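Spelled out, the chains give:
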Amino acid sequence: MYSGAQISLYPMAGDFVGIILGALTALDPYRERLQVDTDDLSTLLVGAPEVVFPAMRDLFVAAARSGEHCVLHATLSRGCPGEPDDAICHTTQYGGPHEPLEQRKAAALDAVGTAPVTAMQAAAQFSLYVMGTDDHMDEIYGCIDFLNQSGVFGRAKNFCTRLDGDAGAVFAAIEAALCRFGPPQGHVTIDLTVSANSPTPR
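Model, not experiment: these values are computed from the prediction.

K.L.:
Can you lay out the packing of helix H3 (residues 101–113) against helix H5 (residues 167–180) for me, pointing to particular residues and giving the numbers?
P.N.:
One can describe the packing of H3 onto H5 by two numbers: an axis separation of 8 Å at closest approach and a directional angle of 160°. Here H5 runs roughly antiparallel to H3, going by the angle between their axes. Crossing handedness for the pair H3 and H5: right-handed. Contacts between H3 and H5 involve Arg-104, Ala-107, Ala-108, Ala-111 and Val-112 on the former and, on the latter, Ala-169, Ala-172, Ala-173, Ala-176 and Arg-180. Here the contact of H3 with H5 is composed, by residue class, of eight nonpolar, no polar and two charged.

As structure tokens, this is what we get:
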């Protein structure tokens, strides 16, 4: 299965280049398990979800520790039928038999509850798209139910759901949304925006 994220990082600061280049060192522990391709618009991270999400989290947290307002935007995908299988995307955590929805929600809640604490507060909004299945709304409603119990649920918004909390738990919730809902080998995508240190009142 092909999985990965197309990400763009935006520090709202005069020294945005320095912040981005400094934050990129957070990817170093993951580089052997990721394909990384950067151009002037975004960076593509291809790999197993259990590698891609911690790498994104650590990149974002490293940038946000500058104290400046930082935003990460990402398009996340797994199982796209237009992409070839890639060995680097092999996952040991996902893609097995299609477990009952309640079992998958319980696993998702456990993942958020055991997520590493980063001591960086983050706000996120995302939209989940389950492709090519007649029961896609059952999967989306199951994900919403999980998020309501996750401890990071902020509120429902038009076209998306808001999350608030420690960046570790927020990224764990988004990983669970992508990987625990929809057919195990199916095409699922997420449109994601994460923010820290925003000057805008909530």
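K.L.:
Requested: an account of a nonpolar patch on the surface, with residues and values cited.
P.N.:
Nonpolar side chains collect at one region of the surface, where Phe-16, Val-17 and Leu-21 lie side by side and expose about 280 Å² of accessible area between them. Mapped onto the elements of the fold, Leu-21 is located in helix H1 (residues 16–23). The exposed category is assigned to Leu-21, whose relative accessible area is 53%.

K.L.:
Could you give me a rundown of the pairing of strand E8 (residues 188–196), with the residues and numbers involved?
P.N.:
The buried count for E8 comes to seven of nine residues, which makes it a mostly enclosed element. Where strand E4 (residues 70–78) lies against E8, nine bridges are found, and the strand directions are antiparallel. Residue pairing across strands places Arg-78 opposite Val-188, the latter belonging to E8. As judged from the eight bridges shared by strand E5 (residues 121–130) and E8, these two strands associate in the antiparallel manner. Note on E8: the bridge partner recorded for Ala-123 is Ser-195.

K.L.:
I'd like to hear about the packing of aromatic side chains, residue by residue, with values.
P.N.:
Counted according to the given criterion, the structure contains two aromatic pairs. For the ring pair Phe-60 and Phe-171, a centre distance of 6.0 Å and an interplane angle of 50° mean the geometry is tilted. Taken together, the residues span a long stretch of sequence, with Phe-60 in helix H2 (residues 49–64) and Phe-171 in helix H5 at a distance of 111 residues. Of the two residues, Phe-60 and Phe-171, neither departs from the other in class, the shared state being buried. Ring plane angle 20° and centroid distance 5.9 Å describe the contact between Phe-146 and Phe-181, whose orientation is recorded as stacked. Note that Phe-146 is positioned in helix H4 (residues 136–149) and Phe-181 in the loop between H5 and E8, a separation of 35 residues in sequence. On the basis of relative accessibility, which here comes to 0%, the residue Phe-146 falls in the buried class.

K.L.:
Summarise the nonpolar core; cite the residues concerned and give the values.
P.N.:
Met-56, Leu-76 and Ile-174 are the most contacted members of the largest nonpolar core, which totals 58 residues. Ranked by residue count, the leading element in this core is H5, at eleven residues. Ignoring any residue separated from it by four or fewer positions in sequence, one finds Leu-76 in contact with Gly-4, Ala-5, Phe-53, Met-56, Ile-174, Leu-178, Val-188, Thr-189, Ile-190 and Leu-192.

K.L.:
Now, about the side chain of Ser-8: what can you tell me, with residues and values included?
P.N.:
Structurally, the position occupied by Ser-8 is in strand E1 (residues 3–11). In terms of polar contacts, Ser-8 uses its side chain to reach the backbone carbonyl oxygen of Leu-41, at 2.8 Å. Other than its neighbours up to four places away in sequence, Ser-8 contacts Leu-41, Ser-42, Val-71, Leu-72 and His-73.

K.L.:
Explain H5 to me, and be specific about the residues and the numbers.
P.N.:
If you check H5, its first and last C-alpha atoms are 19 Å apart, about what 14 residues at 1.5 Å a residue would give, namely 20 Å. By the criterion of burial, H5 is predominantly enclosed, with 14 of the 14 residues buried. N-capping of H5 is provided by Asp-166, with a side-chain oxygen placed 2.8 Å from the backbone N of Gly-168. Positive phi shows up at Gly-182, right after H5, with a value of about 95°.

Parameters at a glance
Residues numbered from 1 in each chain as written. Predicted model: local features only at pLDDT ≥ 70, side-chain atom pairs only at ≥ 80, totals over all residues. Heavy atoms only, no water. Axes fitted to C-alpha atoms, helices over the stretch in contact; angles between N-to-C directions. Helix = DSSP H or I, 4+ residues; strand = E, 2+ residues; numbered from the N terminus. Parallel < 35°, antiparallel > 145°, perpendicular 65-115°, else oblique. Left-handed = near helix turned anticlockwise from the far one by under 90°. Contact = heavy atoms within 4.5 Å. Nonpolar A, V, L, I, M, F, W, Y, C, P; charged D, E, K, R; others polar. Patch = residues over 30% accessible without salt bridge, like charges linked within 9 Å, V, L, I, M, F, W, Y side chains within 5 Å. Areas by Shrake-Rupley, 256 points an atom, 1.4 Å probe, with all protein chains shown as cover. Salt bridge = Lys/Arg side-chain N within 4 Å of Asp/Glu carboxyl O. Buried < 20%, exposed > 50% of the residue type's maximum accessible area, 1.4 Å probe, protein only. Pairing = 2+ DSSP bridges. Phe/Tyr/Trp six-rings, centres within 6.5 Å; stacked < 30°, edge-to-face > 60°. Core = buried A, V, L, I, M, F, W, Y, C linked by side-chain atoms within 4.5 Å. Polar contact = N/O pair within 3.5 Å; in protein donor to acceptor, adjacent residues only side chain to side chain. Expected span 1.5 Å × (residues − 1).

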